[in-house]
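# Examination of the molecular architecture
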Amino acid sequence: VVNQAYDRVFNRTPEPAEMQTALTFLREQSARIGQAGSPPEKALPEPMPARYPAAQAAAIVDFCQALMNSAEFVYVD
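Below: a short report on this structure. All figures in this text were calculated on a predicted structure; none of them were measured in a lab. (Residues numbered from 1 in each chain as written. Predicted model: local features only at pLDDT ≥ 70, side-chain atom pairs only at ≥ 80, totals over all residues. Heavy atoms only, no water.)

### Some remarks on the pattern of salt bridges
- Tallied over the entire structure, the rule returns 3 salt bridges.
- When the shortest N-O distance is used, the salt bridge between Arg12 and Glu18 registers 2.9 Å.
- Judged by relative accessible area, which is 22%, Arg12 ranks as partly exposed.
- The partly exposed category is assigned to Glu18, whose relative accessible area is 22%.
- Linked by salt bridges that have partners in common, Arg12, Glu18 and Glu72 make up one network. (Salt bridge = Lys/Arg side-chain N within 4 Å of Asp/Glu carboxyl O. Buried < 20%, exposed > 50% of the residue type's maximum accessible area, 1.4 Å probe, protein only.)

Okay, structure coming up:
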């Protein structure tokens, strides 16, 4: 998931530190969402992928949103 997101958003693979940060974020965010109960429907991807639990899918949505709000995405070098 992380490699696909970086490829689509930045057209590159993540650096090792970026990969570790992303995996930590996804794990912790998924746990937070899971503890809060079922995520709201608007927080889930459409269509909802069958291979991911709802909390994990919502965490991936949050991760992708963070990538698209990054300076690397917003500003062209």
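### Considerations on the nonpolar core
- Among the nonpolar cores identified, the biggest contains 16 residues, and Val2, Tyr6, Phe10, Leu26, Ile33, Phe63 and Leu67 are the most heavily contacted of them.
- Contributions of two or more residues to this core are made by helix H1 (2-10), helix H2 (16-35) and helix H3 (54-68).
- If one sorts the elements of this core by residue count, H3 sits on top with 7 residues.
- Residues within four places of Leu26 in sequence aside, it is in contact with Val2, Ala59, Ile60 and Phe63. (Core = buried A, V, L, I, M, F, W, Y, C linked by side-chain atoms within 4.5 Å. Helix = DSSP H or I, 4+ residues; strand = E, 2+ residues; numbered from the N terminus. Contact = heavy atoms within 4.5 Å.)

### Overview of the packing of H1 against H3
- Running from amino to carboxyl end, H1 crosses H3 at an angle of 30°, the nearest separation of the two axes being 10 Å. In terms of orientation, H1 lies roughly parallel with respect to H3. Once H1 is placed against H3, the crossing between them reads as right-handed. When H1 is examined against H3, the residues Val2, Ala5, Tyr6, Val9 and Phe10 are found in contact with a partner set consisting of Phe63, Cys64, Leu67 and Met68.
- Considering only residue class, the contact of H1 with H3 consists of 9 nonpolar, no polar and no charged. (Axes fitted to C-alpha atoms, helices over the stretch in contact; angles between N-to-C directions. Parallel < 35°, antiparallel > 145°, perpendicular 65-115°, else oblique. Left-handed = near helix turned anticlockwise from the far one by under 90°. Nonpolar A, V, L, I, M, F, W, Y, C, P; charged D, E, K, R; others polar.)

### What to know about the packing of H2 against H3
- At a minimum axis distance of 8 Å, the contact between H2 and H3 shows a crossing angle of 130°. Regarding the angle of H2 to H3, the classification is oblique. Judged by the sense of rotation from one axis to the other, the crossing of H2 with H3 is right-handed. Along the contact surface, H2 presents Ala22, Phe25, Leu26, Gln29, Ser30, Ile33 and Gly34, while H3 presents Ala55, Gln56, Ala58, Ala59, Ile60, Asp62 and Phe63.
- Taken together, the residues of the contact of H2 with H3 sort by class into 9 nonpolar, 4 polar and 1 charged.

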